[in-house]
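Commentary on secondary and tertiary structure
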Amino acid sequence: MRASVAADSPQEAVDRASLRGGPVHVRPAPDLRRSLVSAPALIVLVALLLRLGAIAGDGGYQPANDAFEYDYLARSIAAGDGYPPSGYLLQGGPTAIRGPAYPALLGGAYALSGDSLTAGRVLGALLGALAVALLYLIGKRIWGRRTGLVAAALAAVFPPLVLLSRDLFSETLFIALELGAILCVLEFRRSGRLARWAAAAGGCSGLAILTRPTGVALAVAIAVGLWTLRPRLRVAALIAPATALLCAVVVVLPWVVRDAVEFGRLVPVTTSGGFASAGTYNEASHRDPARPGAWRTPQAIPRFKPLFTTPGVDEAAMDAALRDAARDFAWEHPAYVVEASAWNLLRLFEIEGESVVDRRGRAVEDRGIGSADPLLERIAVALAAAIAAVGLIALLRGGRRSPAAPPRLPRGPLFFWLVPILTLVFTVPVAGLPRYRLPLDPFLLTLAAIGLLALLPAGFARGRPGVREPA
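Described below are features of the structure shown in this document. (Residues numbered from 1 in each chain as written. Predicted model: local features only at pLDDT ≥ 70, side-chain atom pairs only at ≥ 80, totals over all residues. Heavy atoms only, no water.)

Description of the overall build of the chain
We apply this condition: The way it works is that DSSP assigns letters per residue, a run of H or I at least four long becomes a helix, a run of E at least two long becomes a strand, and they are numbered from the N terminus. Only heavy atoms enter the contact rule, under which two residues are in contact if any of them lie within 4.5 Å. Per-residue accessibility takes into account occlusion by the displayed protein chains alone, with areas from the Shrake-Rupley method and a 1.4 Å probe.
In terms of regular secondary structure, the chain is built from 20 helices and zero strands. Across the chain, every contact between residues at least 6 apart in sequence was considered, and the portion connecting residues at least 24 apart equals 73%. Total accessible area on the chain stands at roughly 21500 Å², and carbon and sulfur atoms take up 66% of it.

Spelled out as structure tokens, the structure:
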């Protein structure tokens, strides 16, 4: 009997163990083992090559709009001059319209390369490849190796993520930090709750806040993910989330102090909140019948023009005034808040376009700013969303319950899904730029990977069962 079992193929052993209802312990053959080890590396390599190819095929690139600002800030940092004067106000003054994490990283690449745009774009490609690797590790931790590989493969070739590397946008860094923070929480939950993983998750969250304002949503979800011990209100249960939040504060605090010194008042990390919200919550956007809720620069709105030209008004004062105006407008027009959020949700997923209009009320179609994304991107998003719907159904239904069936398909820890949910909550009331959806794409592709495997015969049964994570 032993000789017969030893002669079985790995798949036969899996089938026999499944029929018994017991755990499967099959040592893969050497060639299979090598292929399993090399598969993630190959996917990451493909991801990097595709991103470098997208850069190479985009010759003559010149940063524009948001990318121009990041390039401008990075060049000043590389020269040792720190943040330059504000480009939003006629009189200049200090600026904090952009968080410092991405400009500082880009500035480092410029300092090493002599202000090479190509070096900055290659940095984005490397960050994109890193995000693919992190997504593989996350999928593997929760749903098993097969799901991790499929999710990573989808992310490697997903056109919106591939084409992101052509531009100097902070999303390249933000996505890597977002996934890094999630992976740290997963390691914390499976490693005996080592404090260093909670601290690392908090550090990544703090850097994400310094990269994009929606990093606050990530920090909240990360704290929830670390809050695993029961009873919940015991001191021991609060140590991990408190550690993460404290580390995030430590990372963000120097920049907040810098802003307070520069502006003479407390600034909530950046001065972009008022500028972003007032671009949506104003009379012109409200009354635009063709493009309801579309964002427009407050500089073009007559009510706000004096803020940008009056001497003595700095970015902090501008931000405070615009925040107050946007909040008052939203309070007076609650139905418009719902309407604008609904339109922005459609625009994020490229179901509707014209998310931004110019000073004349015409739709902006600049790359990365408007809604004129390539057809390939829109098709890819639609396909991913359709397959992700299958994955969502598979998660909600779970797995079969029978002796021959694999373990029930894990739904994933609550904090993992809180990240995209809270990010949407923070984003859709303000703007619907498709680029703002990119940090959600890893979660969309994870669902799509689950959907693809659910569509295959015994797709999950042939893979290693996922690791059950506490909710």
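Moving on from the coordinates now.
Notes on helix α17 (residues 334-348)
Inclusion rule: Helix span, as expected, comes to 1.5 Å for every residue beyond the first. Summary of the burial criterion: residues with accessible area below 20% of their type's maximum are buried, those above 50% are exposed, and those between are partly exposed, where the area comes from a 1.4 Å probe applied to protein chains only. What the arc describes is the spread of directions from the helix axis to the C-beta atoms.
Over its 15 residues, α17 runs 21 Å from end to end, which matches the ideal 21 Å to within 8%, given 1.5 Å per residue. Within α17, the full set of buried residues consists of Y336, A340, S341, N344, R347 and L348. For α17, the angular spread of the buried residues around the axis is 135°, confining them to a single face. Exposed and oriented more than 90 degrees from the buried face of α17 are A335 and V338. Backbone geometry just after α17 places E350 at a positive phi near 60°.

Some points on unusual backbone geometry
Looking along the chain, the bond that leaves R230 and enters P231 is cis, with omega of -5°. Residue position: P231 is located in the loop between α11 (215-226) and α12 (235-263). The backbone phi angle of D115 is positive, close to 60°, even though this residue is not glycine. By secondary structure assignment, the location of D115 is in the loop between α5 (101-113) and α6 (117-143). The residue E354 is not glycine, and still its phi comes out positive at about 60°. With respect to the helices, strands and loops of the structure, E354 is situated in the loop between α17 and α18 (375-397).

A closer look at the packing of α6 against helix α7 (residues 145-157)
Convention followed: Helix axes are fitted to C-alpha atoms over the stretch in contact, other axes to C-alpha atoms as well, and angles between N-to-C directions run from 0 to 180 degrees. To sort the angles, those under 35 degrees are grouped as roughly parallel, those over 145 as roughly antiparallel, those from 65 to 115 as roughly perpendicular, and the leftovers as oblique. Two helices cross in a left-handed way if the nearer one is turned anticlockwise from the farther one by less than a right angle. They cross in a right-handed way if the turn is clockwise. Gly is placed with the polar residues, together with every amino acid not listed as nonpolar (Ala, Val, Leu, Ile, Met, Phe, Trp, Tyr, Cys and Pro) or charged (Asp, Glu, Lys and Arg).
At a minimum axis separation of 7 Å, α6 and α7 run at an interaxial angle of 155°. Between α6 and α7, the angle falls in the class roughly antiparallel. The interaxial crossing formed by α6 with α7 has right-handed handedness. Residues V132, L135, Y136, G139, K140 and W143 of α6 pack against R145, T147, G148, L149, A151, A152, A155 and A156 of α7. A per-class count over the contact of α6 with α7 returns nine nonpolar, three polar and two charged.

With respect to the packing of aromatic side chains
Condition: By convention, a stacked pair of Phe, Tyr or Trp rings (six-membered ring in the case of Trp) has centres within 6.5 Å and planes under 30 degrees apart, an edge-to-face pair has planes over 60 apart, and any other such pair is tilted.
The final tally for this structure, using the stated rule, is 12 aromatic pairs. Relative to Y102, the ring of Y70 lies with its centre 5.2 Å away and its plane at 90°, an arrangement referred to as edge-to-face. Taken as a pair, Y70 in helix α4 (residues 66-78) and Y102 in helix α5 lie far apart in primary sequence, 32 residues in all. The pair Y70 / Y102 is uniform in exposure class, with both members buried. A centroid spacing of 5.6 Å and a plane angle of 85° characterise the contact between Y281 and Y336, whose relative ring orientation is edge-to-face. In this pair, Y281 sits in the loop between α13 (272-278) and α14 (283-287) while Y336 sits in helix α17, placing the two residues 55 residues apart along the sequence. By relative accessible area, which is 6% here, Y281 ends up buried. Clustering of aromatic rings is evident, with ring pairs tying together Y88, F275, W295 and F308.

Remarks on the pattern of salt bridges
What counts is decided by this rule: Any carboxyl oxygen of Asp or Glu that lies within 4 Å of a side-chain nitrogen of Lys or Arg is treated as forming a salt bridge with it.
Using the criterion set out here, one finds 21 salt bridges in the structure. Note that R141 and E187 form a salt bridge whose closest N and O atoms lie 2.4 Å from each other. Residue R141 is found in helix α6, and its partner E187 is found in helix α9 (residues 171-190); the two are separated by 46 residues along the sequence. R327 is paired through a salt bridge with D324; the nearest N and O atoms lie 2.7 Å apart. With R327 and D324 both in helix α16 (residues 315-332), this residue pair falls three residues apart, about one helical turn. D324 gets classed as partly exposed once you look at its relative accessible area, which sits at 36%. Here the residues in one salt-bridge network are D66, E69, R98, E171, R212 and R435, joined through shared partners.

With respect to the packing of α5 against α6
Two numbers describe how α5 lies on α6: the axes approach to 9 Å, and their chain directions differ by 130°. One way to sum up the angle between α5 and α6 is to call them oblique. Here α5 runs over α6; the crossing is right-handed. Across the interface between the two elements, L105, L106, A109, Y110 and S113 of α5 pack against L117, A119, G120, L123 and L127 of α6. Considered class by class, the residues forming the contact of α5 with α6 number eight nonpolar, two polar and no charged.

Things to note about the nonpolar core
Rules: In these notes, a set of buried Ala, Val, Leu, Ile, Met, Phe, Trp, Tyr and Cys residues joined through side-chain atoms within 4.5 Å is what counts as a nonpolar core.
In this structure, I138, W143, L168, I182, I222, L226 and F416 are the most contacted members of the largest nonpolar core, which totals 90 residues. With 13 residues, the single largest contributor to this core is α9. Beyond its immediate chain neighbours, meaning those up to four positions away, I182 contacts I138, I222, F415, F416, V419 and F443. Counting residues in each nonpolar core, the second largest holds 24 residues, with M318, V356, V364 and L433 among its members.

A short note on the side chain of E178
Spelled out, the test is: Only four residue types enter the charge count, namely Lys and Arg as positive and Asp and Glu as negative; His and the chain termini do not.
When you line up the elements, E178 lands in helix α9. Buried E178, no salt bridge; nearest opposite-charge side chain is R212, N-O distance 9.4 Å. In contact with E178, not counting residues within four places along its chain, are L218, V419, P439, P442 and F443.

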